[in-house]
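Letter by letter, the chains look like this.
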Amino acid sequence: MPSSLKLDEPTAPAAREALLLKYEHIRQDSELICTPLETEDYGIQTMPDVSPAKWHLAHTSWFFETFLLLPFLNTYRCFDARYDHLFNSYYLTHSQPFSRPSRGLLSRPTVAEIYRYRAAVDEAMLELITNAADRQWQEIEPLIVLGLNHEQQHQELMLTDLKHIFAQNPLRPQYRDLSPPPLHEVTGISWITVDKGTYDIGHSGTGFGYDNEYPRHQVLLQASALASRPVTNAEYLEFINDGGYKNPALWLSDGWALQQIHAWHAPLYWEKRDREWWYMTLGGMRPLDLNAPVCHVSQYEAAAYASWAGSRLPTEFEWEVSVSGLPVQGNLRNTDYLQPVAASDSSLLQQCYGDVWEWTASAYAPYPGYRIPEGTVGEYNGKFMSSQAVLRGGSCVTPADHIRSSYRNFFYPKDRWQISGIRLARDL
Ligand SMILES: [Fe+2]
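Residues numbered from 1 in each chain as written. Predicted model: local features only at pLDDT ≥ 70, side-chain atom pairs only at ≥ 80, totals over all residues. Heavy atoms only, no water.

1. Concerning the coordination of the iron ion
At step 1: Within the first shell, the iron ion binds the protein through His59 (NE2), His150 (NE2) and His154 (NE2), at distances of 2.2 Å.
At step 2: Counting residues between consecutive donors of the iron ion along the chain gives the motif H-x90-H-x3-H. One end of the pair is His150 and the other is His154, both in helix α5 (residues 134–167) and four residues apart, which spans about a single turn. Each member of the pair, His150 as well as His154, carries the same accessibility label: buried. (Donors = N, O, S within 2.8 Å, 3.2 Å for Na, K, Ca; no water. Helix = DSSP H or I, 4+ residues; strand = E, 2+ residues; numbered from the N terminus. Buried < 20%, exposed > 50% of the residue type's maximum accessible area, 1.4 Å probe, protein only.)

Listed below in structure tokens is the structure:
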């Protein structure tokens, strides 16, 4: 078992009760996210990276069924043995997963059947959490906690995937009505210094952390400075209007090639209507909020912007050192804006948590001494440490209790459908 999955809590009844409440809350939360959906919305897949909402609902249940109920609850009978193929995502040491780009073809099982699957899994998980023998508890509790964190990751994916799904429909439907964002006028960027020195990086060991946040280790940093807030839509518009997408000198070679192929000329979901920029939100099409952080840019666009601005992207270590010690608060999913909004706080370093995942310049690589956890759950993170980049800080659709300073998200540099934005850094 990886150090990230070790328990700090005793196997007291109160700890079980707390975990049960958390289980019920997080499982219900996934279904609440789907409340605004019509049945027709549940099955659509618009690209290989996007999964249908009903697949997310089933896959997160499969995780509990596969890693907890079947191995640990003797009385549990598999809900439907065929689901193991359909809803295994990528655990090749377990079984052969169904083709990812074809998830949108799964008109069956129906949405109603998937909700029945979820209910059956929840009923059995209630029994397991309540009645598991103490000698089993040390083994199952870390897996339950992992399953709940996994479900929260899929909650975020459900929302980003639904945004992509609705954005492909010429009607540009709303996911639901959103509260109007606060209309602050943001101030100019100031620069927050990171002193040259040796710093501890990685999870401190208190509370849950994924294996990729371990082990904690030391990193030597040169003197640098981080921008006080992310780049806004207004600032990104200046880059566009200055020919940023037409100047190869600003671009990494792979990024230039890709934007030529796909004719990128603005962030994903931006549309020009009567000479005004609009963009797709989960509340439908809206005029561009110039003061809000720019989002839905690839790492290539982020790097090109930084180059244009005479800056660079921060490393994940500079980001973590700057943010450690700040309270975990911001425009996360609990604010319910479900889109990035203009900075409103006056702290030195603003919008570190929430609003947009911040691209870093760091490759998603194992920390020194990292070991892939034993067993099938070892496939969770480690095998993806190739050709991807680290993003930090969470977004406006990240659950508020799911983010921390050591959290390492990762996507390919080309990816744009996540709520990814830009914070600049500079050498001193
Ligand atoms: Fe998953």
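Picking up after the structure, the text goes on.
2. Details of the side chain of His296
At step 1: With respect to the helices, strands and loops of the structure, His296 is situated in the loop between β7 (284–287) and α8 (299–308).
At step 2: You can call His296 buried: its relative accessible area is 3%.
At step 3: In this structure the side chain of His296 is engaged in a polar contact, spanning 3.1 Å, whose partner is the backbone oxygen of Gln418.
At step 4: Leaving out residues up to four positions away in the same chain, His296 has contacts with Lys163, Pro267, Leu268, Tyr269, Arg416, Trp417, Gln418, Ile419 and Ser420. (Polar contact = N/O pair within 3.5 Å; in protein donor to acceptor, adjacent residues only side chain to side chain. Contact = heavy atoms within 4.5 Å.)

3. Thoughts on the pairing of strand β4 (residues 224–227)
Side chains on a regular strand alternate between the two faces of the sheet.
At step 1: Neither face of β4 is exposed, since Ser224 and Leu226 on one face and Ala225 and Ala227 on the opposite face are all buried.
At step 2: Pairing between strand β1 (residues 191–194) and β4: four bridges, direction antiparallel. Of the residues in β4, the one forming a bridge with Thr193 is Ala225. (Pairing = 2+ DSSP bridges.)

4. Looking at the sheet that holds strand β5 (residues 270–273)
At step 1: The three strands are arranged β5-β6-β7 in an open sheet whose pairing can be described as antiparallel. This sheet does not close on itself; its edge strands, each paired only once, are β5 and β7. Geometrically, the sheet is characterised by an average inter-axis angle of 35 degrees between neighbouring strands, direction not taken into account.
At step 2: With four bridges joining them, strand β6 (residues 276–281) and β7 adopt antiparallel strand pairing. Looking at the pairing, Met280 lines up with Met285 of β7.
At step 3: Its contacts with the sheet place helix α6 (residues 233–241) against β5 and β6, and it is angled at close to 75 degrees to β5. (Axes fitted to C-alpha atoms, helices over the stretch in contact; angles between N-to-C directions.)

5. Looking at the packing of helix α2 (residues 53–72) against α5
At step 1: It is at 9 Å that the axes of α2 and α5 come closest, and there the two elements cross at 175 degrees. Relative to α5, the element α2 is oriented roughly antiparallel.
At step 2: Grouping the amino acids of the contact of α2 with α5 by side-chain chemistry returns 16 nonpolar, seven polar and three charged. (Parallel < 35°, antiparallel > 145°, perpendicular 65-115°, else oblique. Nonpolar A, V, L, I, M, F, W, Y, C, P; charged D, E, K, R; others polar.)

6. A few points about the environment of Ala15
At step 1: Structurally, Ala15 can be placed in helix α1 (residues 13–33).
At step 2: In this structure, the C-alpha to C-alpha distance between Ala15 and Gly197, residues 182 residues apart in sequence, is 40 Å.

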